[in-house]
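Notes for the structure review
Listed here are the chains, written in short residue letters.
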Amino acid sequence: MIVVMRAGASDQDLAHVIEKIEALGYRAHVMYGVERKVIGCLGDERGKAQLQSLELLRGVENVVPILSPYKLAGCQLKPEPSIVTVSSECAIGGRSFAVIAGPCAVESEEQILQTARAVAAAGANALRGGAFKPRSSTYSFQGLGEEGLRLLRLAKEETGLAIVTEIMDRYVLDQVIESADILQVGARNMQNFPLLNALGSAGKPVLLKRGMSATIEELLLSAEYILAAGNPDVILCERGIRTFETATRNTLDLNAIPALKARTHLPVLVDPSHGTGVWSYVAPMAKAALACGADGIIVEVHPRPEEVLSDGAQSLKLDKFAALMNEMKPIAEAVGRNLGRRNAECVRA
Ligand code: PEP
Ligand code: MN
């Protein structure tokens, strides 16, 4: 249920309502709108009738049910879009179109530094790179682990780029938090509920990728775990789903962008690399993502894709990435988005 406060309700009125909500065994989640405050009552839906009686309290305008199963991720409690501010050069949401670029996995100092310098020069907002890699085969390269995190810190020190890296397991959370500005939850972990709960208190934004066979509703329900556990900074990511199609690695579901925008205030990114699996399809789909309303892209870039330890076929060379940044400029302008390292939302940060 949502308690909508009157426009002129006082702080005491608000505090009193919160007290009553908590006395009924619910958690009160206050959202501060431009004109009025609304309070989400989180807990067992069976107590709806009791919550309805809060309508009698001073300062309360009305009490209405939250219709969607994802209470905090949905638009009802928070209609205005959320902006996740990561650094002075990286904001995700609002007018900014964020570009996160880098290799699938951190492989060596030379590889990550060369990539970081090139993507920073081309205008990327953040550097991606997995230190802990979820691989289908146990015999494939699993990532450099702690050494990979050290190399990411080095790249950040030199370029100032925010770092996006994957968190696979809640037991290494403290270690990854120290090196990451955004914690990536991979497609294979979208429904790892103990991990999602742990990320509630991570104190860092979470980039939640859609599972390869997850519905849009399931993605939002997973986001809800992180939000309900206390972390408001969740960024969603469409990265392609499994279909009968074999010409591409996955089917990049760009329908998900307007469908998510209609349901949630959370920012939405697109991953055209895993979405297609083919480097030459990455730029067209990145541009399509920008045109259809995504808040940014996360894209795999490597200095020498032919030597890469994972996902070489879908990685852009450095010059191809720079070309893509240029090709996106007129589209960004046409759809009213800011591209580059110092755009409006970042400067406000
Ligand atoms: C990745 O970003 O390298 C990755 C493993 O992505 P996903 O979880 O979407 O497969
Ligand atoms: Mn990858």
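In the block above lies the structure referred to throughout.
Counting restarts for each chain: residues are numbered from 1 in the order of the written sequence. Written order decides the labels, with chains lettered from A and ligands numbered from 1. With pLDDT at 70 or above as the cut-off, local features in this predicted model cover only qualifying residues; side-chain atom pairs require 80 or more to be listed or tallied, and sums for whole chains, interfaces and linings still use all residues. Here the side-chain values reflect all heavy atoms present in the structure, with hydrogen atoms and water set aside.

Right, let's get into the side chain of H302. Here a helix means four or more residues in a row that DSSP labels H or I, a strand means two or more in a row labelled E, and each is numbered from the N terminus. Along the chain, H302 falls in the loop between β14 (296-300) and α11 (318-334). Relative accessible area serves as the criterion here: at 2%, H302 is assigned to the buried category. Polar contacts, as counted here, are pairs of nitrogen or oxygen atoms within 3.5 Å of one another; within protein the pair requires one atom able to donate a hydrogen and one able to accept it, and residues that are adjacent in sequence qualify only if both atoms are side-chain atoms. Of note is the side chain of H302, whose polar atom sits 3.4 Å from the side chain of Q111. Here the side chain of H302 touches R304 through a polar contact of 2.9 Å, landing on its backbone nitrogen. When checking whether two residues touch, look at their non-hydrogen atoms; a contact exists if any pair is within 4.5 Å. Apart from the residues within four sequence positions on either side, H302 is in contact with P103, E107, Q111, V308, S315, L316, K317 and L318. Summary of the burial criterion: residues with accessible area below 20% of their type's maximum are buried, those above 50% are exposed, and those between are partly exposed, where the area comes from a 1.4 Å probe applied to protein chains only.

Salt bridge, as used here: a side-chain nitrogen of Lys or Arg that lies within 4 Å of a carboxyl oxygen of Asp or Glu. This model, assessed by the stated rule, comprises 17 salt bridges. The shortest N-O distance in the salt bridge between E110 and R304 comes to 3.1 Å. Of this pair, E110 sits in helix α3 (residues 109-122) while R304 sits in the loop between β14 and α11; the two residues are 194 residues apart in sequence, bridging distant segments of the chain. For R210, the salt bridge goes to E238, with nearest N and O atoms at 2.7 Å.

With 14 residues, helix α4 (residues 146-159) extends 20 Å from end C-alpha to end C-alpha; this agrees with the ideal 20 Å at 1.5 Å per step. Those residues of α4 that fall on the buried side of the exposure criterion are G148, L149, L151, L152, A155 and T159. In a view along the axis of α4, the buried residues occupy a sector of 160°, so they form one face of it. Turned more than 90 degrees away from the buried face of α4, the exposed residues are E146 and E157. Buried residues along α4 sit in contact with α3, β8 (126-128), β9 (162-166) and α5 (173-179). Looking at the residues trailing α4, positive phi occurs at G160, about 80°. Any helix carries an expected span of 1.5 Å times its number of residues minus one. To be clear, the arc concerns the directions from the helix axis to the C-beta atoms.

Time to look at the coordination of the manganese ion (ligand 2). Working reference: metal with six octahedral donors, ideal angles 90 or 180 degrees; metal with four tetrahedral donors, ideal angle 109.5 degrees. Counted as donors are N, O and S atoms no farther than 2.8 Å from the metal, or 3.2 Å for Na, K and Ca; water is not among the atoms, and sites may therefore look incomplete. Those donors, C104 (SG), H274 (NE2), E300 (OE) and D311 (OD), are the protein atoms that reach the manganese ion (ligand 2), and they lie 2.1 to 2.4 Å from it. Read from N- to C-terminus, the donor residues coordinating the manganese ion (ligand 2) fall into the pattern C-x169-H-x25-E-x10-D. Highlighted residues: H274 in helix α9 (residues 272-276) and E300 in strand β14, separated in sequence by 26 residues. The residues H274 and E300 share a single accessibility class, namely buried.

The subject of this paragraph is the pairing of strand β11 (residues 206-209). Here is the key point about a regular strand: its side chains alternate between the two faces of the sheet. Burial of β11 is two-sided: the residues V206 and L208 facing one way and the residues L207 and K209 facing the other way are all buried. Two strands make a pair as long as DSSP finds a minimum of two bridges between them. Alignment of strand β10 (residues 182-185) against β11, held across three bridges, turns out to be parallel. Opposite L183, over in β11, you have V206 as the bridge partner. Seen with the strands pointing away from the viewer, any crossover whose path from the first strand over the helix to the second strand runs clockwise is right-handed. Handedness of the crossover joining β10 and β11 through helix α6 (residues 193-199): right-handed.

So, about the layout of surface pockets. Within this scheme a cavity is a closed region of a 1 Å grid, computed over the protein atoms alone, that accommodates a 1.4 Å probe without allowing it to escape, whereas a pocket is open but has protein on both sides within 12 Å along at least five of seven lines; lining residues each have an atom within 4 Å of a point. Grid points are joined across faces, edges and corners, and a volume is the space filled by probe spheres set on the points. Space inside the largest pocket adds up to approximately 250 Å³. In terms of lining residues, the largest pocket is bounded by 19 residues, among which P134, R188, R249, H274 and D311 are the most central.

Note that every value here comes from positions in space, so none of it alone points to a role or purpose.
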